[in-house]
Amino acid sequence: MKITSQKSKVKSFRFLLFLLVFALFTLNFFSPAFAVSKVSTDNISVASGYSIKPILDKLNGPSALAFDDSGNIFLAESGFAEAGGAKVLKISPEGKAISTLTGFDAPINGLAFFKGKLYVSHRGKVSSVASDGTIQDIIKGLPSDGDFSNNQILIGTDKKLYITQGTVTNAGIVGEDNLVTGWLRENADLADVPCQSLSLNGVDFASNQNTTGAFVPFGSTTNEGQQVKGSKPCNGSIMRIDPTNPKEIEVIAWGLRNPVGIGTDSKGKIYFTEQGFDLRGRRLIKSSGDNFYALDGKWYGWPDYSAGQPISLSKFKLAGTFQPQFVLQDHPGKEMPPSPLAQFKPYSRVAGFAFSPEKFGFKDQIFVALSGSVKGLTDGSDKNSGFSVVRLDLKGRKISDFITNKKANNKSGPASTIGKSGIERPTDVKFSPNGEMYVADFGVLNVKDNTLKAKPESGVLWKVSKGASLFGFAVENPLTVEVGLGIIVAGGLILYFLFKKSPKNKPLKPRYFFFCWHN
Amino acid sequence: MRAVKGIIMLARVFKILILKTLFFTLIFLPVNDLFAAGSLNSQPSFGKVNSKVNISGNGFKGGENVDVFFDQKKIKSAKSEGNGDLKETSFEVPCSTPNQRHSISAIGSSSKTKAEKSFFVQPIPVSITVKASDPKPGKDIEISGRGFLSEEKVKIVFDKEASSSGVPAGSIKTDKKGSLNSQKLPIPPDVKGEKVSRITAIGDCSQSSANSSIYLQGFYPNASPSNYAPKVGTKITFSGNGFIPGEKIGVFLGDPNNSKSVANLKADKNGTFKNLGEFKIPKDTITGMKSSFTLIGEKSKKPVTISLTFQDFNVSITLSSYFGLPGNTILRFSGNGFVPKERVDVYFGGGGQGKGKLVNVFMTDDQGDFKNKGEFTLPFGIRAGENVFNFVGRESNKPQQAVFNVGAFTANIVPSNFAPLPGNSIAFSGSGFPPNEPIQIYFNNQLVGSAFSDSKGSFKNSAKIQVPYGLGGQAQIKAVGSLSGTSAIQNLELQALRPSVTPSTFFGAPESVVTIKGNSFAPNEHIIVKFDEVNVSEAQTDGKGNFDNVTFSVPSGLKGGEHTVNVSGDKSKATGTFPFSIGEGG
């Protein structure tokens, strides 16, 4: 009885050892070097031939991505809407945390890496971070205390720093909606600052609190012909500075609402995304959508145009409300503002984008993060738009879904809405030097108690690779995987057989496993 | 002595002769004559360039290399035979050899033995004829000819004189027979027209030349503008012909001697151009008078002057409607006379110092016209009556006005009942409001409901309310458009409830029980029965405001005689009264 028990124990031990070795073997075959997130990808739909997996989760409002020359990832945790502290994580290409940079003012909305320095766009500032971690402010005093902040940044082929800058208000009028965005409680003297002086129509907007005009603080009225002084830096613009001599600010584009993403194609031509009007505030303008523009140094029309069309058109009128009127008496320039190259659905809250490299496929097409509508902020309705990464082909001006959540519980939208694990609010898309796509996913953001609030630790960093998905990992050729799996299973059986048949006192030596392992 | 002197003299003369002979021999002896002499035969001795010449010779060192020269140029090398003979060989007379005597020589490379012969290049008789359909500089000329060498390049030169190298026109090539067959070449633009021009064809190899003459016409360039009455601020272009093909042409406004060109263009290969030399006419240009543009070709140098009259803008505007009500009236604009593809800003309500509010922006078409452009919704709150639109082209900058009459809404509200009783349900209908507008209904200045106007600005039986109890006399209802502020007021004559109470008896003793019934009170209201001022009973009306079988006891201790019983509704405040008599004996 005793002997039998001993034998049984040896057998059990051998079997357990086999399981352990086999598990190690198979895990090594598939596993990345970083800790695998528990976030499931089952409910995510990725374009055919590509796969997605989470790299890091439990992040606090990720907003921007950049890569250094070695392929290390810089990921900004924005700190927006109480998402947590504003910081930049440095992560190795294998997904291991290297360092954390702090000392920024929330929100961090943009990152760029150039010649050994990381550039960080955070509230009101762009700062450079040297390799030793020293932070130096390149520019301060950007007008970012309103609805929107300074957003993404770019070092162009001219080695100049391009800064996207949002507006203070949704449509030029400070109103009760700015209590939701938060800043009006703290700064009632704030108003939009144009890049050039403007003449006003004298159109004011009343509520039960007060009457307020355009480009003036809450409760201030305007007159026909009243001048608003322009200055630099200014709201709703793309500004350019020389990072080595940042004293002079050039305005490259203005009359924008909320330019967010900025990037170049393979020839160095600059493009940017712009979030269109929200349906909120005293001056209600039905949005025609979010926009993708080429940067060509013009006045883009805000707050009297939407995507190059005057808001005096009846299409911008919401039933039962006033037809929107111009607030400006003279529109800059001699032509109409430019039209976008492409438009995304209204309230998609378009964000970062990147041109695809050849390695990834869809060369020179654009992958765009649509962070998604916010009920109670963008249009006040339950209708969801955005919450996806789309592919934009400029040749046919066609937009196709690239990453979305599958419909679940008869609902579509962000993971938090459909009640399943998945993507929430993609805020940035960038390609690593080796051609893999990374997507920053902000996480959950809602209006609660009339205040915009982010859910801490709900953000995810996703990686999208070329190839089909198997167990959440990218495989270039599914047939190879099937063959590979067959080999693994067969190998496992052989190993088990060897274990079972090996002399009792001479178990297999580990070097055989390592041999298998490394081959 | 004489003989000696004679001998000496003879010796001197002889000496001088010998010295002189030696001197002249040394001075005039050709260098070549220093070489050892050989002999050379050449056949033929006369020939054209490219013709074959056979040579042979002897007197060279056996087996040495013998170089053959044509004039000073080495053209061949051969080896002498063992006996020093040069075996027959041949060469071709080189191209471009002039028609004159030339030397053929053979020199042994080691012995320096030299042999020489003369060769005469003969001229080749060539001829050409020329013709041209449009014999002008820059146009093509057709050249035919014969007698040249096979596939020879022939240079064509205009007006070649002894004192002038002429104007080269280019080269053409003969066929295998040495002929030119109507080959085309453009006449150089530099050749002067309006005269007979001599054309010389020179064979590049044969050096033979032939001449022909042709009368070249002069230039008669012509040009026209895209518009003979252009508006200031607009762009004008030019078309023309008769210029030298490919020449640059300057466009001058006014006197070309005193101004710089305002535009430049280039004629095509036919000397023509179409809609080139775009020039935007300055806004400060004088209008209504003859002005001129002059076009001068850089090579032809013949000025072409165009007269035209600049026009001021004569814009006209048409509105899709000249009368409308604020709100949903959408105006569109048509017009013409603006600068093509200019932005037109539309201002509304200007007057006095102000230019009004910017209300619309659109672009004109290629002709400076626009049709049904813009989309202007008359805003609420604008002044009724005449209002002015100002159309300002961003390029033309000549404001043009159009007058528009803004109407006023005359709204009214009608209740379903002008004299309702308290508790009655009434609804409201209205008309004359802006279409599709939310309307708020007030009853005695209290918001009581809302309506929504239809596409005609009307609403019907909306905002049902119950007339409050406790009111009487006049009440006011008001409907106010929430966007337009348009309001309508109506007065109601509220009727009072007139309840009646009927007792089982009008007479009784104290503490006797009386049964009462009543009607026309408020439905389901609490009623109080007072005998004089004393509460004697309470009850509830039914859903119709009636009550029945309500009893009370006649209070004791009251004097006999007439008393009053009041029955009053708690909600309606309505009162029904009847007299009740208590006997004197009480």
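These figures come from a predicted structure and were not determined experimentally.

(A) Quick look at the overall build of chain A. A count of helices and strands for chain A gives 5 helices and 35 strands. Among the 519 residues that make up chain A, the fraction classed as buried is 55%. Considering only contacts within chain A whose residues lie at least 6 apart along the sequence, 58% involve residues at least 24 apart. For chain A, the exposed area adds up to about 23,000 Å²; of that, 53% sits on carbon and sulfur atoms.

(B) Structural detail: the overall build of chain B. Scanning chain B for helices and strands turns up 1 helix and 45 strands. Taking contacts inside chain B between residues at least 6 apart in sequence as the whole, the part at least 24 apart equals 58%. About 30,500 Å² of surface is accessible on chain B, with carbon and sulfur atoms providing 50% of the total.

(C) View of the confidence of the model for chain A. Residues and elements named next belong to chain A. Here chain A shows a mean pLDDT of 87. Residues at 70 or above account for 83%. Taken as a whole, residues 1–5 scores under 50 in pLDDT and shows 0 contacts with residues more than four places along the chain or in a different chain. Here residues 474–478 scores under 50 on pLDDT; set against residues more than four positions off or in separate chains, the count is 11 contacts.

(D) Quick peek at the pairing of strand β17 (residues 237–242) of chain A. Residues and elements named next belong to chain A. With 5 of its 6 residues buried, β17 lies for the most part within the structure. Relative to strand β18 (residues 245–254), β17 is paired through 5 bridges, and the arrangement is antiparallel. Among the inter-strand pairings, S237 is bridged to a residue of β18, identified as W254.

(E) Representation of the sheet that holds strand β42 (residues 534–540) of chain B within the structure. All names here are of chain B. Read from one edge to the other, the open sheet built from 5 strands follows the order β39-β45-β44-β41-β42, with strand pairing classed as mixed. Every interior strand has two partners, whereas the edge strands, β39 (507–508) and β42, have only one. Where strand β44 (residues 561–569) meets strand β45 (residues 575–582), 8 bridges bridge the pair, whose relative direction is antiparallel. Among the inter-strand pairings, V567 is bridged to a residue of β45, identified as G576.

(F) Spatial organisation of the side chain of A:S144. Its location among the elements puts A:S144 in the loop between β10 (135–139) and β11 (150–155). Those residues in contact with A:S144 that sit more than four places away from it in its chain are A:R123, A:G124, A:S149, A:N150 and A:Q165.

(G) Main features of the sheet that holds strand β21 (residues 290–294) of chain A. Residues and elements named next belong to chain A. Across the sheet, 4 strands lie side by side as β19-β20-β21-β24; this open sheet has antiparallel pairing. Every interior strand has two partners, whereas the edge strands, β19 (258–264) and β24 (342–344), have only one. On average, each strand axis in the sheet is tilted by 20° relative to the strand beside it, whichever way the strands run. Relative to strand β20 (residues 270–275), β19 runs antiparallel, the two sharing 5 bridges. Within β20, the residue paired with N258 across the bridge is Q275.

(H) Spatial organisation of the pattern of salt bridges. Inspection of every chain in the model, using the stated rule, returns 30 salt bridges over all chains. Put simply, A:D147, A:D177, A:R257, A:D278 and A:R280 are held in one network by salt bridges that share partners.

(I) Region of interest: the packing of aromatic side chains. Counting across every chain of the model gives 46 aromatic pairs over all chains. Ring centres of A:Y50 and A:F402 lie 5.2 Å apart, and the angle between their planes is 65°; on these two criteria the pair is classed as edge-to-face. Residue A:Y50 is located in strand β2 (residues 50–59), and its partner A:F402 is located in strand β28 (residues 398–405); the two are separated by 352 residues in the primary sequence. A relative accessible area of 1% means that A:F402 is categorised as buried. Members of the aromatic cluster, each reached through a chain of ring pairs, are B:F333, B:F338, B:F348, B:F362, B:F370, B:F376, B:F389, B:F391 and B:F404. Sitting above the plane of the A:Y271 ring, A:K269 keeps its charged end 5.7 Å from the centroid.

(J) Representation of the interface of chain B and chain A within the structure. Contact with chain B, which involves 21 residues of that partner, is made by 25 residues of chain A. Approximately 2,000 Å² of surface area, both sides summed, lies buried where chain B meets chain A, with 51% of it carried by carbon and sulfur atoms. Interface area lost by chain B to chain A is led by B:R343, B:K357 and B:L358, which between them contribute 28%. Between the two partners, chain B and chain A, sit 3 salt bridges. Summed over the shared surface of chain B and chain A, the number is 14 residue pairs in polar contact (both at pLDDT 80 or more). Looking at the side of chain B that touches chain A, the elements that each hand over two or more residues are β26 (343–348), β27 (357–363) and β28 (370–377) of chain B. Sort the elements by how many residues they give to the side of chain B that touches chain A and β27(B) lands first, with 7 residues. Within the side of chain B that touches chain A, the residues separate by chemical class into 11 nonpolar, 4 polar and 6 charged.

(K) Expanded view of unusual backbone geometry. The omega torsion across A:W302 and A:P303 is 5°, close enough to zero to call that bond cis. Of note, the bond from B:Q43 into B:P44 is cis; its omega dihedral lies within 30 degrees of zero at -10°. Secondary-structure assignment places B:P44 in the loop between β1 (39–43) and β2 (46–47). Of note in the backbone geometry, B:Q207 takes a positive phi value of approximately 65° without being a glycine. Here B:Q207 shows up in the loop between β14 (195–203) and β15 (209–216). A positive phi is found at B:N275, a non-glycine position, where the angle reads about 50°. Along the chain, the position of B:N275 falls in strand β20 (residues 273–280). Relative accessible area serves as the criterion here: at 45%, B:N275 is assigned to the partly exposed category.

(L) Geometry of the state of the cysteines. Counted under the stated rule, the structure contains 2 disulfides over all chains. Between the sulfur atoms of A:C195 and its disulfide partner A:C234 the distance amounts to 1.9 Å. When the S-S torsion is 85°, as for the bridge of A:C195 with A:C234, the disulfide is right-handed. Remark: A:C234 occurs in the loop between β16 (227–228) and β17 and A:C195 occurs in the loop between α2 (177–180) and β13 (198–199); sequence separation between them is 39 residues. What makes A:C195 buried here is its relative accessible area of 10%. Residue A:C234 is classed as buried on the basis of its relative accessible area, which comes to 0%. Disulfide partner of B:C95: B:C205, at an S-S distance of 1.7 Å. Around the S-S axis, the bridge from B:C95 to B:C205 shows a dihedral of about -95° and counts as left-handed. Taken together, the positions of B:C95 in the loop between β6 (86–92) and β7 (101–108) and B:C205 in the loop between β14 and β15 put the pair 110 residues apart, joining distant regions of the chain.

(M) Structural view of the confidence of the model for chain B. Confidence in the prediction for chain B averages 88 pLDDT; 93% of positions are at 70 or higher. Predicted confidence is poor over residues 24–34 of chain B, with pLDDT under 50, and the contacts of this stretch with residues over four places away or in other chains come to 4 contacts.

Reading the values: rules and limits
For every chain, the first residue of its written sequence is number 1, and the numbers climb from 1 along that sequence. Here the convention is simple: chains get letters from A, ligands get numbers from 1, in the order in which they are written. For this predicted model, a pLDDT threshold of at least 70 governs which residues receive local features, and a threshold of 80 or more governs which side-chain atom pairs are given and counted, while totals over whole chains, interfaces and linings are taken from all residues. Note that water and hydrogens are dropped before the side-chain values are worked out from all heavy atoms of the structure. Secondary structure counts use DSSP, requiring at least four H or I residues in a row for a helix and at least two E residues in a row for a strand, with both numbered from the N terminus. The buried label applies to any residue whose accessible area, calculated with a 1.4 Å probe on protein chains only, is under 20% of its type's maximum; exposed applies above 50%, and partly exposed to all values in between. By the convention used here, residues are in contact when the closest approach between their heavy atoms is within 4.5 Å. A 1.4 Å probe and the Shrake-Rupley method give the accessible areas. Residues count as covered only by the protein chains that appear here. Every residue gets a pLDDT, meaning the predictor's confidence in that residue, from 0 to 100. We call two strands paired when DSSP finds no fewer than two bridges between them. Here the axes come from fitting lines to C-alpha atoms, over the contacting stretch only for helices, and the angles between their N-to-C directions go from 0 to 180 degrees. Salt bridges are counted wherever a side-chain nitrogen of Lys or Arg sits within 4 Å of a carboxyl oxygen of Asp or Glu. Aromatic pairs are defined between Phe, Tyr and Trp rings, using the six-membered ring for Trp, whenever the two ring centres lie within 6.5 Å; interplanar angles under 30 degrees are classed as stacked, those over 60 as edge-to-face, and all others as tilted. The rule for a charge over a ring is simple: NZ of Lys or CZ of Arg within 6 Å of the ring centre, and within 35 degrees of the ring normal. Buried area: the accessible surface (1.4 Å probe) lost by two parts on joining, summed over both. The definition of a polar contact used here is a pair of N or O atoms within 3.5 Å, where within protein one atom must be able to donate a hydrogen and the other to accept one, and adjacent residues in sequence count solely through side-chain atom pairs. Residue polarity is assigned by list, with Asp, Glu, Lys and Arg as charged and Ala, Val, Leu, Ile, Met, Phe, Trp, Tyr, Cys and Pro as nonpolar; anything else, Gly included, falls into the polar class. Only a pair of cysteine sulfur atoms within 2.5 Å counts as a disulfide in this structure description.

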